[in-house]
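Fold and geometry: a report
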Amino acid sequence: MHETALMTNLLAIVERAARDGGGGRVRLVHARIGEFAGVNVEALRFAFEVLSPGTAARGGRLECEVVPLRVRCRGCGAEASPGDFVLACGRCGSTEIDIVGGREMEVDYILTDDEAAGDGAER
Ligand SMILES: [Zn+2]
C-alpha cells in the first residue's frame with residue numbers, strides 16, 4: 001500500500017508549510033491527485049486518518065481533487081481529455097502525444113486556523 005508512503009511525504013510537506021506559515025493548526029489539506037497517478041483516493045484518506053494525529057494536520061480534514069488525464073499533441077499542440085483509452089490527438093489524429101495532466105500528486109493548498117479566521121479566502 002504505497003498510499004501510506006505518499007501520505008507520509010504529503011504530511012511532511014504540510015508540516016513544513018504550516019511551520020513556515022506561522023505554526024497554525026492545519027484544518028484542511030487540499031490535494032490534487034491525478035486520475036492516472038496510480039493513487040487510490042480511499043486508501044489515501046485512510047492513511048490520512050491513521051497518520052495525521054501527531055502532525056500539524058491532526059484533527060484536520062483531507063480534501064482530494066481528482067485531476068483528469070490530459071494529453072497534448074506533439075503535432076499540433078491540441079490538448080484534450082481522452083474519454084477512452086485511444087491515446088491519439090482528436091484534432092489531427094497523431095499518436096505523438098504527451099501526457100500533460102492526470103499523473104500529479106501534490107498538495108494544492110492547506111488552510112490553517114490563522115487563515116481560516118480571516119475572510120475565508122482559500123489561497
Ligand atoms: Zn494534433
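Since this is a predicted model, take the numbers as computed values, not measurements.

Let us now look at the overall build of the chain. Of the regular secondary structure elements, the chain holds three helices and six strands. In the chain, 71% of the contacts between residues at least 6 apart in sequence involve partners at least 24 apart.

Spatially, the three strands line up as an open sheet ordered β2-β1-β6, and their pairing is mixed. Edge positions in the sheet fall to β2 (61-67) and β6 (105-112), since each of these pairs with one other strand and no more. Adjacent strand axes in the sheet meet at a mean angle of 20 degrees, parallel and antiparallel pairs treated alike. Strand direction decides the pairing type here: strand β1 (residues 26-34) and β6, joined by seven bridges, are antiparallel. Bridge pairing in β6 places Ala31 opposite Val107. Strands in contact with helix α1 (residues 3-20) are β1, β2 and β6; relative to β6, the strand with the most contacts, it is inclined by about 40 degrees. In the packing of helix α2 (residues 41-51) onto the sheet, contacts are made with β1, β2 and β6, and the angle to β2 comes to roughly 160 degrees.

Each donor-metal-donor angle would ideally measure 109.5 degrees in four-coordinate tetrahedral geometry, or 90 or 180 degrees in six-coordinate octahedral geometry. Those donors, Cys73 (SG), Cys76 (SG), Cys89 (SG) and Cys92 (SG), are the protein atoms that reach the zinc ion, and they lie 2.3 to 2.4 Å from it. Sequence spacing of the donor residues for the zinc ion, all on one chain, is C-x2-C-x12-C-x2-C. Classification of Cys89 by relative accessible area gives buried; the value is 8%.

Right, let's talk about the sheet that holds strand β4 (residues 79-80) for a bit. An order of β4-β3-β5 is seen for the three strands of this open sheet, with the pairing classed as antiparallel. This sheet does not close on itself; its edge strands, each paired only once, are β4 and β5 (97-101). For strand β3 (residues 70-73) and β4, the ladder comprises two bridges, and the chain directions are antiparallel. Across the sheet, residue Val71 finds its bridge partner in β4, namely Ala80.

It is worth spelling out the nonpolar core at this point. A general trend in soluble globular proteins is that nonpolar side chains are found buried together. Core analysis: the largest hydrophobic core is formed by 19 residues, its most contacted members being Met7, Val14, Val26, Val29, Phe48, Ala57 and Leu62. Breaking this core down by element, the ones donating at least two residues are α1, β1, α2 and β2. Counting residues per element, this core draws most heavily on α1, which supplies five residues. What Met7 contacts, discounting residues up to four positions off in sequence, is Leu44, Ala47, Phe48, Leu51 and Leu62. Among the nonpolar cores identified, the runner-up in size contains six residues, and Leu69, Val71, Cys73 and Cys89 belong to it.

When the terminal C-alpha atoms of α1 are compared, their 25 Å separation across 18 residues agrees well with the 26 Å that a helix rising 1.5 Å per residue should span. Buried residues of α1: Glu3, Met7, Leu10, Leu11, Val14 and Ala18, and no others. With its buried residues spanning 105 degrees around the axis, α1 presents them on a single face. Summarising the geometry of α1, the exposed residues directed more than 90 degrees from the buried face are Arg19 and Asp20. Of the surrounding elements, those touching the buried residues of α1 are β1, α2, β2 and β6. Phi turns positive, to about 105 degrees, at Gly22, one or two residues after α1.

Reading the values: the criteria
Each chain carries its own residue numbering, running from 1 in the written order of its sequence. Since the coordinates come from a predicted model, pLDDT governs what is reported: local features require at least 70, and pairs of side-chain atoms require 80 or more to be given and counted, while whole-chain, interface and lining totals use all residues. The side-chain figures draw on all heavy atoms in the structure; neither hydrogens nor water molecules are used. Helix numbering and strand numbering both begin at the N terminus, where a helix is a DSSP run of H or I of at least 4 residues and a strand a DSSP run of E of at least 2. In this description, contact between two residues means that some pair of their heavy atoms is separated by no more than 4.5 Å. Each pair of strands is called paired provided DSSP finds at least two bridges between the two strands. What counts as an axis is a line fitted to C-alpha atoms, over the stretch in contact for a helix, and the angles between N-to-C directions run from 0 to 180 degrees. Coordination here is defined by N, O and S atoms within 2.8 Å of the metal (3.2 Å for Na, K and Ca), and since water is not considered, a site can look incomplete. Buried means the residue's accessible area, taken with a 1.4 Å probe over protein chains only, is under 20% of the maximum for its type, while exposed means over 50%, and partly exposed covers the values in between. In these notes, a set of buried Ala, Val, Leu, Ile, Met, Phe, Trp, Tyr and Cys residues joined through side-chain atoms within 4.5 Å is what counts as a nonpolar core. Multiplying 1.5 Å by the residue count of a helix minus one yields the expected span of that helix. Here, the arc refers to the directions that run from the helix axis to the C-beta atoms.

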